[in-house]
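Below are the chains, spelled out letter by letter.
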Amino acid sequence: MFRSHHCGELRLTDINKTVTLAGWASVIRDKGGLLWIDLRDRYGITQLVFDENYTAKELFDIARSVGREFVLQATGTVIERVAKTNKIPTGDIEIKVTELKILNAAKTPPFTIQDDTDGGDDLRMKYRYLDLRRSVVQKNLFFRSNVALETRKYLAGQGFIEVETPNLIKSTPEGARDFVVPSRMNKGQFYALPQSPQTFKQILMVAGFDKYFQIVKCFRDEDLRADRQPEFTQIDCEMAFVHQEDILNTFEGLTKHLFREALGIELSEFPRMQYDDAMRLYGSDKPDLRFGMAFCDLSRVAKGHGFPVFDSAEAVLAICAEGCADYSRKQTDELTEWVKRPQIGAKGLVYVKYEADGSVKSSVDKFYTPDHLRDWLHHANAKPGDLLLVLSGEEEKTRKQLGELRLEMGNRLGLRRPDEFKPLWVLDFPLLEWDEDEGRFFAMHHPFTSPKPGDIAKMDSDDHQVLKSIRADAYDLVLNGVEIGGGSIRIHDRDLQSRNFRLLGFTPEEAENQFGFLLGAFEYGAPPHGGIAFGFDRLNAVMNGANSIRDFIAFPKNNQGRDMMIDAPGDIKDKQMDELGIRLHLPA
Ligand code: ASP
């Protein structure tokens, strides 16, 4: 028996037992005649004690030679601790050691293996095996493992089958950039790693599997933003013979199940919002509903009074920051600078203070009488003590900018509490999205998404406005301002799918070449179907009130897409290149 107990297990009730533990030396305190070692394993920490008064000299010498992160096996008696601590569950006891074996020595780690480590990001990633010894990081991975398990339990209970789909597939130009893999056996040709199993899961519906899911790696070669990883995990699902409503209910059920089992939180029924309303009221398709501050449109009351900035603006929009009328000049200046940063891009910020005594003060007093300003405040349902923040300009841009400002105010006012959870279904996304740079329409969700039946006729129009107004049976699940899932009812009719490809600028040959297999499958009895995919890493992060998905991935990549531990990507040998029939053309 290597060990009789683990390091998180022993209590006062175990006093006088002879036990054997194994683990890592985490903290060593040497007080001369007295020496303590905190022995750590996955389960916790137990204190080992060595005392010159009763520890044999040879044993004491071994203990004294132990360094941080040495791997030890210790046998001894459980005794009551004099200086008890309630910081750890084993804080009432310690082990009076009678035998100590150094199983392996360790170099001094480059950072402390503690919750509040002194290691920077890159160092921690390079020595990820040491970082992963920290209990805060381990806790996240245990959480993740449990959420995966509960996902499988719930979906299996609903009759879903988990099917693995291939990782070596075909590159398609739609969506994000593909990672490609050269084929040795088919020189000059390439596989692509899947951005998602989208077409395969639809094929599984054609094949009659009815309910599919997979916890699956997806790969997208995008420029990495803070919360992106080139490979990430989805809970990918598809169902046949369903309406949108069936999918929303099933996956609202999954989300509630996960919150209940992993966090002990009962979520109530998820509210729903139209995409258009989300954009109009919050300037975002993923509004954070932990706080209000919905937009108020002041265009009608604020324009036409001789203030050129507003008079020439397409939209004048405001949010009301409750209780912020006492903001100092410094604070309003700071907000103005904040909206003018290039990431936000506003030209300026107008404010109106509704003072506690009912008087009104603003940054545009020159152009508006107090009565006018009161009219704005009235429009925005402001109360004395509130601060109105106003942005103006081109409508779509202004909504996005004000959406960012709203989130910033939410942060400043502490309204985005990490332990509060506000889910939301956003429904009826547009089918198409115009891309200025490429001068063509792209699918807002993906090219397999079905337009709403009532909007199909609009697909024949040449008018961009009409095309933009086509709504899709597409939905997102939003949690605390983060998109954690998205899906749609799919097209299951060959002709409609061809029409959609045409709208997206595919020639019939391109469509056939890239998606012929799917179009073909649609000719052999494709059932109506739809599905959804959850961002699994992100779901775990949001459930923990964490901002970074990296903390929930065992071996994440850095912002340059590098794995710092194994140092990938790396070079390959000329011989490998020859076999693959590829040659490098690097810029000089
Ligand atoms: N495959 C889609 C995605 O990765 C999700 C879906 O439509 O089911 O976003």
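Description of the structure in this document. The structure presented is a predicted model; accordingly, all values stated were derived computationally and were not measured. (Residues numbered from 1 in each chain as written. Predicted model: local features only at pLDDT ≥ 70, side-chain atom pairs only at ≥ 80, totals over all residues. Heavy atoms only, no water.)

## Comments concerning the overall build of the protein
Each helix and strand counted, the protein has 17 helices and 22 strands in total. Counting only C-alpha atoms and orienting by the principal axes, one finds that the protein spans roughly 90 × 75 × 60 Å. Within the span of the protein, comprising 588 residues, buried residues form 48% of the whole. Of the contacts formed within the protein by residues at least 6 apart in sequence, a portion of 66% connects residues at least 24 apart. Total accessible area computed for the protein in this model is approximately 29600 Å², and 50% of it derives from carbon and sulfur atoms. Counting 77 positive and 91 negative side-chain charges, the protein places the centres of these two groups 4 Å from one another. (Helix = DSSP H or I, 4+ residues; strand = E, 2+ residues; numbered from the N terminus. Buried < 20%, exposed > 50% of the residue type's maximum accessible area, 1.4 Å probe, protein only. Contact = heavy atoms within 4.5 Å. Areas by Shrake-Rupley, 256 points an atom, 1.4 Å probe, with all protein chains shown as cover. Lys, Arg positive; Asp, Glu negative; His and termini not counted. Charge placed at Lys NZ, Arg CZ, Asp CG, Glu CD.)

## Let's talk about the environment of His492
By secondary structure assignment, the location of His492 is in the loop between β21 (482-489) and α14 (494-503). The exposure class of His492 is partly exposed, given its relative accessible area of 31%. Considered as a pair, His492 and Arg280 are 212 residues apart in the sequence and their alpha carbons are 32 Å apart. Discounting residues that sit within four places of it in the chain, His492 has contacts with Phe522, Ala526, Pro527, Pro528 and His529.

## With respect to the pattern of salt bridges
The final tally for this structure, using the stated rule, is 48 salt bridges. Here Arg128 and Asp131 are joined by a salt bridge, their closest N and O atoms 2.7 Å apart. Separated by three residues within a single helix, Arg128 and Asp131 lie in helix α3 (residues 128-131), roughly one turn from each other. For the pair Arg128 and Asp131, one class covers both residues: buried. For Arg329, the salt bridge identified is with Asp333, shortest N-O distance 3.2 Å. (Salt bridge = Lys/Arg side-chain N within 4 Å of Asp/Glu carboxyl O.)

## A short note on the site of the ligand
Inspection of the region around the ligand gives 13 residues, with Gln198, Lys201, His445, His446 and Arg490 positioned closest. One of the side-chain nitrogen or oxygen atoms of Ser196 is found 3.1 Å away from a nitrogen atom of the ligand. In this structure, Arg490 approaches the ligand through a side-chain N or O atom, which is 2.7 Å from an oxygen atom. Within the complex, 89% of the 270 Å² of free accessible area of the ligand lies under protein. Counting only elements with at least two residues in the shell around the ligand, the list comes to α5 (198-206), β21 and β22 (529-535). (Near = heavy atom within 4 Å. Polar contact = N/O pair within 3.5 Å; in protein donor to acceptor, adjacent residues only side chain to side chain.)

## Quick word on the pairing of strand β17 (residues 423-427)
With five of five residues buried, β17 lies mostly within the body of the structure. Both strand β11 (residues 272-274) and β17 contribute to a ladder of three bridges, which runs parallel. Considered in β17, the bridge of Met273 is made with Val426. Bridge count for β17 against strand β20 (residues 474-479) is five bridges, and the pairing is antiparallel. Each residue of the ladder has a partner; that of Val426, found in β20, is Asp476. (Pairing = 2+ DSSP bridges.)

## Some thoughts on helix α4 (residues 135-157)
Between its terminal C-alpha atoms α4 stretches 32 Å, which fits the 33 Å expected from 23 residues at 1.5 Å a residue. Of the surrounding elements, those touching the buried residues of α4 are α3, β9 (211-219), β10 (231-240), α6 (244-263) and α16 (536-543). After α4 finishes, the residue Gly159 shows a positive phi value of roughly 90 degrees. (Expected span 1.5 Å × (residues − 1).)

## Here's the deal with the sheet that holds β21
What the eight strands build is an open sheet, ordered β6-β9-β10-β22-β21-β20-β17-β11; its pairing is mixed. Looking at the sheet topology across the chains shown, the edges are occupied by β6 (161-162) and β11. Docked against the sheet, α6 engages β10, β11, β17, β20, β21 and β22, running at close to 25 degrees with respect to β22. (Axes fitted to C-alpha atoms, helices over the stretch in contact; angles between N-to-C directions.)

## Here we look at the nonpolar core
Grouped together as the largest cluster of nonpolar side chains are 35 residues, with contacts concentrated most on Phe251, Trp425 and Phe534. Broken down by element, the residue count for this core peaks at seven residues, all from α6. Excluding its chain neighbours within four sequence positions, the residues that come into contact with Phe251 are Leu155, Phe160, Cys237, Met239, Trp425, Ile532 and Phe534. Listed in part, the 33 residues of the second largest apolar core include Val206, Leu503, Phe506 and Phe522. (Core = buried A, V, L, I, M, F, W, Y, C linked by side-chain atoms within 4.5 Å.)

## A few points about unusual backbone geometry
Of note, the amide linkage connecting Ala568 to Pro569 takes the cis form, showing an omega dihedral of 0 degrees. Note on placement: Pro569 falls in the loop between α16 and α17 (574-580). Positioned with a positive phi, Asn381 is a non-glycine residue whose angle comes to about 55 degrees. With respect to the helices and strands, the residue Asn381 is situated in the loop between α11 (370-379) and β16 (387-393). For Asn381, a relative accessible area of 66% corresponds to the exposed category. Even without being glycine, Asn480 reaches a positive phi, approximately 55 degrees.

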